Structures are given as structure tokens and as C-alpha cells.
Amino acid sequence: MNLDFDLNHIWHPYTSTLSPLPCYPIVSAQGVYLKLENGKTLVDGMSSWWAAIHGYNHPLLNQAAHEQIDKMSHVMFGGITHQPAIELCERLLSLVPNNLSKVFLADSGSVSVEVALKMALQYWQAKGENRSQFLTLKHGYHGDTFAAMSVTDPDNSMHKLYKGFLPEHHFADSPQTGFWQTWQPSDIDSFAAKLDMHQSEIAAVILEPIVQGAGGMRIYHPEYLRQVRKLCDRYNVLLIVDEIATGFGRTGKLFACEHANIQPDIMCVGKALTGGYMTLAATLTTKHVADTVCSGEAGCFMHGPTFMANPLACAVANQSLALLQTNQWQQQTRQIETWFAQLLPKLNQYEEVKDTRWLGAIGVIELHKPVDIALIQQHFVAQGVWIRPFGKLIYMMPPFISNRKHITQLVNAIESAIIQSDNLLVH
Ligand SMILES: *Cc1c(COP(=O)(O)O)cnc(C)c1O
């Protein structure tokens, strides 16, 4: 591969053209393995950012893609419908909380968040109330488009960078009680106070249920989410749950909001929806919210992307959900959670480690100091694993098909990086 061309001309996520870092050339992927151009294979600890839950190159997902591409890759969704979309949405609705009954198919997670926020705004407009603010949590992450950024953690640089252009919303303190800890009732105080103070202007609460992902890999107590639902009901505010990272089994439940037994008014899904094959997301809502939105001045919901409900993506997503319905994810994620529970606590012995935490097929090691990403990546590749930390966080969300050997190899690679921390952490 022409890596020089890549380095000089191609932007990768969050990278600089002034000091670009070399990328690792991957030529194929199979099961839990990524194959480098030099023939070396790496155990994947990232599922390509939460997505490849069934592993790579899955025969049934491949078959679904092949069969669909021979019929049609894409047709417009305005005035046209097709079997892949109908089958996918039917299956999706059979899996999500049963108050949700309307599906809007979106192109990516960020777009599904934009769609959710727009739904909430149009809902209140239709009701003749001027509510244009959102309440969310610190340390949250909802995507990289403008409205999604505006509800993403305010202390990271995005808000500073785009100040004056980003709408300013309300941020409650993020939950402090960990998933496995004893619930501290005061944990909800900041959220309750913000809601009480701004209730008449708040259209909706948006949050990631149980696991705050890219904003800090924080795993919080289900009671927090239960209280949020209760307060949203009390103050008559919509609740949007962003299940883009947590959805489809990752936390050990099919959807993370099941840990708290709550039903959202609007839900976003993405990432693992197609089993990591291509981009597709969805925003789901209730009949009440949908019908209210459409009773407003516009008479419809004002959104309709060119590649909406791409048949190829829908066909693969439908097969990915069918695979989930064989129910193995439950055993698999429980197994992975058990292995994390056995392997991660011993890392707390190192003074570099601030905390270890896990839930379902998510394992997190929080350090006191940020990692040197280029060096630690090199170390991981040499150890035969693919893990991509950010800041002080080294985290794993492996494919559900990972076995004990794979998980052990991932954790061992992290342990050896911590032992060599003099070289691999920023000082
Ligand atoms: C990844 C992510 C998004 C954004 O999804 P994209 O497909 O990257 O646009 C939004 N919310 C959460 C919780 C995510 O993890």
C-alpha cells in the first residue's frame, strides 16, 4: 500500500496534517482477527468502534449483502419502499422497548441524534410551547455534527472551538455511583436541580444510558437512569436515550435502558446495527411523539437524507439482528463480563492505574496519565492486539465471539504496556 500517499493526503479521524501519524495497513479481517499487510494478525479489541459484534467476514452477513446487491444497492426512499427496510424495521421494533413504534432510518449515529433533537423541537412547536433547550450530562458524547456536539461534554475542546456557533444547552453533573456500587441518592441532585430550574424551556433530556462512551467510558448505576425517567415524567419533558454505543447487547442487555427497566420517548441506535458492515442508524419514537410532530405547522417531520434506508445496509442489518436473535449474545457477553471481572482487578496493583471497570463486553482501564498514542499503538501491534486508547483511557469492546484466549491476550497486552509505562505514557 502507498502509505506515503495516505500520510500526505488522507485525513483520518481527529488527525493533524502538520504531524500526521502513520496508520497500520489492514488487508482483510476474519472473525476477531485483523490482518496486516505484512501478514501478521491482530486480535481486535475494538470491534471497529463498537460495531463488529459478530466478528468480521461473517458468512451470513456476507450472504445478505451479496443477495441484496444482486437485486439493487439503492433506490430513493421518497415515495418508494422496499422489503429490506420493512423487514429490518419490523425486526427492530420487535426488539426495542415496546412503547416505540415509529422508525426513522438515518445515515449515521450523529445524524440519528440530529433527527432525535429535531423531533423533540418539532414536538413542542406542534404543542405551541417554546422549548428549545436540551438537558444532558457532563462527560457525554453524542456525535460530531453541530447539534450532536452541542450536547456533548462541554469541557472538551469542541465547545470552546465553536463557541458562538454552537447552541448552549444545560449540563448536569455526570453520575458518580458506579454500576456495581451502592446507590448514593444525592447522585441525582444536580440533574434534578437543573431540570427544576429550566423545566419550561427544556424540550428533552438526552443521555447515554448506563455507559457514557467516548466522553469518558463511565459506567453508572441503573438507579440514576430510573430517577431520570421519573423526573422527566414529573416535569413533562421528553427523554431521548442514545443507545448508539450500548445497543444490541454490548452491556449484557439487548439495550442498556433495560438495566433500569425504563422506556424512552425517543431512542437512537447505530454502530452495531449492521454488525459493523456499513453505516446505518435509526431514531425510534412513540406513536404519540410522531403524531404530535406531524400535527404541527410543517405537517410532517422535516428530514429526508438521500441515502435514507439504503437497501444494502438494511438487508445486512436485518441479518445482523437475526443473528442476535439466536440469543448467543447473552451467553457471550456474560462470559466476556466474567473474564473481565477475573482479569481486570489485578491491574489495580499498578500505581499507574486509577481505576478498572467493566460491564457486559466492555472493559476499561483508566490511568492517571494520558498515553502516548503512537508508541502504545506500536506496543499493542507488537503484542498482536488492536486496541486504540484515548487520553487516560485504555478500553476494550471486543466482538462478542471472542473467547477466553482472546480476552486474556488483550488484557495481557495492556498489562505489559502498563509495566513499560515509562516509555508509553505521557509525562
Ligand atoms: C459513536 C456515537 C455517536 C455518533 O455516531 P457516528 O456514527 O459516529 O456519527 C453518537 N452517540 C454515541 C453514544 C456514540 O457512541
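Every value quoted in this text rests on a predicted model; they were computed, and no experiment measured them.

## Side note on the site of the ligand
Near the ligand, the surroundings consist of Ser 108, Gly 109, Ser 110, Tyr 141, His 142, Gly 143, Glu 208, Asp 242, Ile 244, Ala 245 and Lys 271. At a separation of 2.6 Å, an oxygen atom of the ligand approaches a polar side-chain atom of Ser 110. Starting from 380 Å² of accessible surface for the ligand in isolation, the protein chains cover 82%. A class-by-class count of the residues in the shell around the ligand yields three nonpolar, five polar and three charged.

## Concerning the UniProt feature "binding site: substrate" (unreviewed entry) in the protein
When the UniProt feature table is mapped onto this chain numbering, "binding site: substrate" (unreviewed entry) sits at Trp 49, Tyr 141, Lys 271, Gly 304 and Arg 388. Across 340 residues in sequence, these annotated residues place their C-alpha atoms as far as 34.2 Å from one another, rather than forming a single compact spot. Examined against the element boundaries, Trp 49 turns out to sit in helix H2 (residues 47-50). A residue is classified by how much of its surface remains accessible, and Trp 49, at 44% relative accessible area, is partly exposed. Those residues in contact with Trp 49 that lie beyond four places of it in its chain are Pro 13, Lys 271, Tyr 395 and Met 397. Note on placement: Arg 388 falls in the loop between strand S15 (385-386) and strand S16 (393-396). For Arg 388, a relative accessible area of 32% puts it in the partly exposed group. When near neighbours in sequence (up to four residues on either side) are disregarded, Arg 388 contacts Met 46, Ile 373, Gln 377 and Tyr 395. Of the polar contacts made by the side chain of Arg 388, one reaches the side chain of Gln 377; its length is 2.6 Å.

## Quick look at the sheet that holds strand S12 (residues 281-285)
Paired through their backbone hydrogen bonds, the strands of a sheet run either parallel or antiparallel. If you walk across this open sheet you meet the seven strands as S4-S12-S11-S10-S7-S5-S6, and the pairing is mixed. The two strands at the open ends of the sheet, each matched to only one other strand, are strand S4 (102-106) and strand S6 (170-172). Each adjacent strand pair in this sheet contributes to an overall mean axis angle of 20°, direction not counted. Here strand S5 (residues 133-137) pairs with strand S7 (residues 202-207) via three bridges, running parallel.

## Considerations on the sheet that holds strand S3 (residues 41-44)
Spatial strand order, S1-S2-S3-S15: four strands in an open sheet with mixed pairing. Where the open sheet ends on each side, the last strands, each with one partner, are strand S1 (26-30) and S15. Direction of pairing for S1 relative to strand S2 (residues 33-36): antiparallel, over a ladder of four bridges. Note on S2: the bridge partner recorded for Ser 28 is Lys 35. Strand contacts of helix H14 (residues 404-419): S2, S3 and S15, with the helix running at about 95° to S3, the strand carrying the most contacts.

## Re the pairing of S7
Burial of S7 is extensive: six of the six residues sit out of reach of the surface. As paired elements, S7 and strand S10 (residues 238-242) share four bridges and run parallel to each other. Bridging across to S10, Leu 207 finds its partner in Val 241.

What counts and how
Residue positions are counted from 1 within each chain, in the order its sequence is given. With pLDDT at 70 or above as the cut-off, local features in this predicted model cover only qualifying residues; side-chain atom pairs require 80 or more to be listed or tallied, and sums for whole chains, interfaces and linings still use all residues. Computation of side-chain values covers all heavy atoms of the structure but excludes hydrogens and water. What makes a residue near a molecule or strand is one non-hydrogen atom of that residue sitting within 4 Å of it. Any pair of N or O atoms that falls within 3.5 Å is considered a polar contact. Within protein, one atom must be able to donate a hydrogen and the other to accept it, and sequence-neighbouring residues count only if both atoms are side-chain atoms. Here the accessible surface of atoms and residues is derived via Shrake-Rupley with a 1.4 Å probe, and residues count as covered only by protein chains that are part of the display. In the scheme used here, Gly and all other residues not listed as nonpolar or charged are polar, with Ala, Val, Leu, Ile, Met, Phe, Trp, Tyr, Cys and Pro taken as nonpolar and Asp, Glu, Lys and Arg as charged. UniProt positions are given in the numbering used here, feature names are shortened, and annotations may be inferred rather than shown by experiment. By definition, any uninterrupted DSSP run of H or I lasting at least four residues is a helix, any uninterrupted run of E lasting at least two residues is a strand, and each is numbered from the N terminus. The rule is simple: take the accessible area with a 1.4 Å probe, protein chains only, and divide by the maximum for that residue type; under 20% is buried, over 50% is exposed, in between is partly exposed. Should any heavy atoms of two residues lie within 4.5 Å, those residues are counted as being in contact. When DSSP finds at least two bridges between two strands, those strands are taken to pair. In this analysis, axes come from line fits to C-alpha atoms, helices being fitted only over the stretch in contact, and the angle between any two N-to-C directions falls in the range 0 to 180 degrees.

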